[in-house]
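In case you want the letters, here they are:
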Amino acid sequence: MSDVLAVTEHRRGDLRDVSFETITAGREVADDTGGELHLAVISGDVDAYAEQLNCEGVDAIHTVEYGTEFNHDVYTQALEQLVDDVDPAYVLAPNSVNGLDYAPAVAEAVDRPLVTDAVDLTFDGTLEVSREEYGGKVGTTIEIGEERAIVTVRPGEWPQATGDGAAAVSAYDADIDESEIMSTVTGFEEVAGGDVDISEANFLISIGRGIEEEENLPLIKELVEATDATLSSSRPIVDNGWLPANRQVGQSGKVVTPDVYIAIGISGAVQHVAGMKGADTIIAINTDPNEPIYDIADYGIEDDLFDVVPALIEEFGGDVPDL
Ligand code: FAD
């Protein structure tokens with residue numbers, strides 16, 4: 001029997017969606033290994049987090065009450081001890097900025113192999129980790145020969161765990177050596193472009209080079225406002241400085257998983273698709289029917305965006321701006 005330990009994540013008082021996705025991934029592996037699923041909840045309001053995380057399929061929750069926000073040294077020390085005590089076969093952590101910060105340090109401390117950015121996990125006597133290389137052009141599978149490993153899972157690849165669980169919640173008495181804590185959080189500063197996190201949005205309207213010039217952006221912004229969507233873009237829009245970097249979808253931008261993603265004047269290059277293929281419904285507005293965006297779109301409007309977008313704005317009760 002091989003247990004799984006899933007590490008959860010929160011930021012500024014809220015659990016992140018990837019916590020619930022990591023639970024799903026962990027449950028799937030634990031079902032295959034015949035083991036239990038344990039969760040680690042570290043720092044912040046751990047009791048409130050544990051209550052929310054107590055989803056169907058969770059067997060045990062270990063809380064470590066220490067500090068408020070993520071701290072590399074606290075997480076690394078707490079997880080090193082927790083991994084030693086719980087002794088799970090596999091530790092799953094989000095492939096996030098935080099996860100990629102502590103997972104290598106924990107792997108080194110507990111002497112286990114680390115595989116990052118999993119998009120699928122299968123277990124058949126040994127754990128196999130699927131990854132994507134070269135912006136999704138090449139798929140690779142890593143067979144973990146070892147019986148113990150740490151794996152980070154890509155946000156947006158697993159559905160979020162739901163339902164009520166009956167896991168026992170226990171306060172884990174981690175022995176945190178304060179003299180080894182080398183950094184402290186002194187405050188938060190939002191990145192330019194406000195507090196929008198497109199990876200959390202349910203409805204994205206994304207704009208690409210088809211918009212032609214910055215002066216045409218108000219047209220899209222009006223549609224975004226009329227439909228109560230969130231604005232995102234392909235990379236050229238950010239490279240041109242028309243939108244801030246936190247709006248970019250794709251391999252070198254953000255991975256998004258909205259319910260609806262409308263791609264306007266976006267060709268569907270592999271680096272862009274790597275960031276949005278997890279959207280539930282994809283709608284493309286593009287004049288060229290041969291563009292790859294149509295390979296993954298559920299619906300398409302093969303027409304000029306400068307005709308389609310004003311019509312949509314009117315349909316949703318907005319005011320079409322003069323360009
Ligand atoms: P284009 O490919 O130029 O497509 C514009 C589209 O608009 C065309 O399909 C055209 O038919 C359509 N169009 C034109 N006029 C109209 C009109 N009037 N009405 C309707 N449709 C119209 N890209 C990303 O997006 N995100 C990334 O994270 C990213 N990372 C990258 C990382 C690396 C290492 C590299 C090498 C590239 C990366 N790219 C990324 C760039 C990527 O390869 C593409 O160049 C980019 O996605 C293209 O953006 P686009 O679709 O907006 O532009």
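What you are looking at is a predicted structure, and each value in this text was computed from that prediction instead of being measured. (Residues numbered from 1 in each chain as written. Predicted model: local features only at pLDDT ≥ 70, side-chain atom pairs only at ≥ 80, totals over all residues. Heavy atoms only, no water.)

Digging into the site of the ligand
Taken together, 26 residues lie near the ligand, and S234, S252, S267, N286 and E291 sit nearest. Here a nitrogen atom of the ligand and a backbone polar atom of V249 are 2.8 Å apart. When the ligand sits alone it has 990 Å² of accessible area, and the protein chains cover 75% of it. Sorting the residues of the shell around the ligand by element identifies helix 6 (235-239), helix 7 (270-276) and helix 9 (305-315) as the ones contributing at least two each. Here the residues of the shell around the ligand are counted per class, giving six nonpolar, 14 polar and six charged. (Near = heavy atom within 4 Å. Polar contact = N/O pair within 3.5 Å; in protein donor to acceptor, adjacent residues only side chain to side chain. Areas by Shrake-Rupley, 256 points an atom, 1.4 Å probe, with all protein chains shown as cover. Helix = DSSP H or I, 4+ residues; strand = E, 2+ residues; numbered from the N terminus. Nonpolar A, V, L, I, M, F, W, Y, C, P; charged D, E, K, R; others polar.)

Quick look at helix 1 (residues 17-33)
Because each turn of an α-helix spans 3.6 residues, side chains separated by three or four positions in sequence point in the same direction. The end-to-end C-alpha separation of helix 1 is 25 Å, in line with the 24 Å expected for 17 residues at 1.5 Å each. With 13 of 17 residues buried, helix 1 is to be regarded as a mostly interior element. (Expected span 1.5 Å × (residues − 1). Buried < 20%, exposed > 50% of the residue type's maximum accessible area, 1.4 Å probe, protein only.)

Looking at the side chain of T76
Relative to the assigned elements, T76 resides in helix 3 (residues 72-86). Residue T76 is classed as buried on the basis of its relative accessible area, which comes to 11%. Within the structure, the side chain of T76 is placed 2.6 Å from the backbone oxygen of H72, a separation counted as a polar contact. For T76, the residues in contact, after removing those within four places along its chain, are Y102, A105 and V106. (Contact = heavy atoms within 4.5 Å.)

A closer look at the environment of V58
One can find V58 in the loop between helix 2 (46-53) and strand 5 (60-64). In this structure V58 comes out as buried when scored by relative accessible area, which is 6%. In this structure the C-alpha to C-alpha distance between V58 and I207, which are 149 residues apart in sequence, comes to 40 Å. In contact with V58, not counting residues within four places along its chain, are I23, L37, L39, L53 and A167.

Looking at the packing of helix 3 against helix 4 (residues 97-110)
For the pair helix 3 and helix 4, interaxial distance at closest approach is 9 Å and the crossing angle is 40°. By the criterion of interaxial angle, the relationship of helix 3 to helix 4 is oblique. You can see that helix 3 and helix 4 cross each other, and the crossing is right-handed. For the pair helix 3 and helix 4, the contacting residues are H72, Y75, T76, L79, E80, V83 and D84 in the first and D101, Y102, A105, V106, A109 and V110 in the second. Class assignment for the residues of the contact of helix 3 with helix 4 results in eight nonpolar, two polar and three charged. (Axes fitted to C-alpha atoms, helices over the stretch in contact; angles between N-to-C directions. Parallel < 35°, antiparallel > 145°, perpendicular 65-115°, else oblique. Left-handed = near helix turned anticlockwise from the far one by under 90°.)

Describing the sheet that holds strand 15 (residues 260-264)
Ordered in space as 14-13-15-16-17, the five strands form an open sheet in which the pairing is parallel. In the strand order of this sheet, the two ends are held by strand 14 (230-233) and strand 17 (299-301), each with one partner. In this sheet, neighbouring strand axes are inclined to one another by 20° on average, regardless of whether the strands run parallel or antiparallel. Relative to strand 17, strand 16 (residues 281-285) runs parallel, the two sharing three bridges. Across the sheet, the residue bridging to I285 is I301, located in strand 17. Along the sheet, helix 9 makes contact with strand 15, strand 16 and strand 17, crossing strand 16 at roughly 125°. (Pairing = 2+ DSSP bridges.)

Structural notes on the layout of surface pockets
Of the voids in this model, the largest pocket is the one considered here, and its volume is about 910 Å³. Looking at the largest pocket, it is lined by 36 residues, and the ones nearest its centre are N95, S96, V97, P155 and V255. Only strand 2 (10-11), helix 1, helix 4 and strand 9 (127-133) provide two or more residues apiece to the lining of the largest pocket. Looking at the lining of the largest pocket, its residues break down into ten nonpolar, 13 polar and 13 charged. (1 Å grid on protein atoms, 1.4 Å probe; cavity = no way out; pocket = protein on both sides within 12 Å on 5 of 7 lines; lining within 4 Å. Points joined across faces, edges and corners; volume = space filled by probe spheres on them.)

Looking at the pattern of salt bridges
Oppositely charged side chains can form a pair if their charged atoms are brought close together. Here the structure, examined in full by the defined rule, presents 14 salt bridges. Note that D87 is salt-bridged to R148, the shortest N-O span being 3.2 Å. Here D87 is found in the loop between helix 3 and strand 6 (90-94), whereas its partner R148 is found in the loop between strand 10 (138-144) and strand 11 (149-153), with 61 residues between them in sequence. On the basis of relative accessible area, D87 is assigned to the partly exposed category, the value being 38%. Overlapping salt bridges bring together E9, R11, R16, D197, E200 and K254 as one network. (Salt bridge = Lys/Arg side-chain N within 4 Å of Asp/Glu carboxyl O.)

Remarks on the pairing of strand 11
Where burial is concerned, most of strand 11 is hidden: five out of the five residues are buried. Here strand 11 shows two buried faces, one formed by A149, V151 and V153 and the other by I150 and T152. Two strands pair when backbone bridges link them, and strand 6 and strand 11 are joined in this way by five bridges, in the parallel orientation. In the sheet register, L92 faces strand 11, and the bridge partner there is V151.

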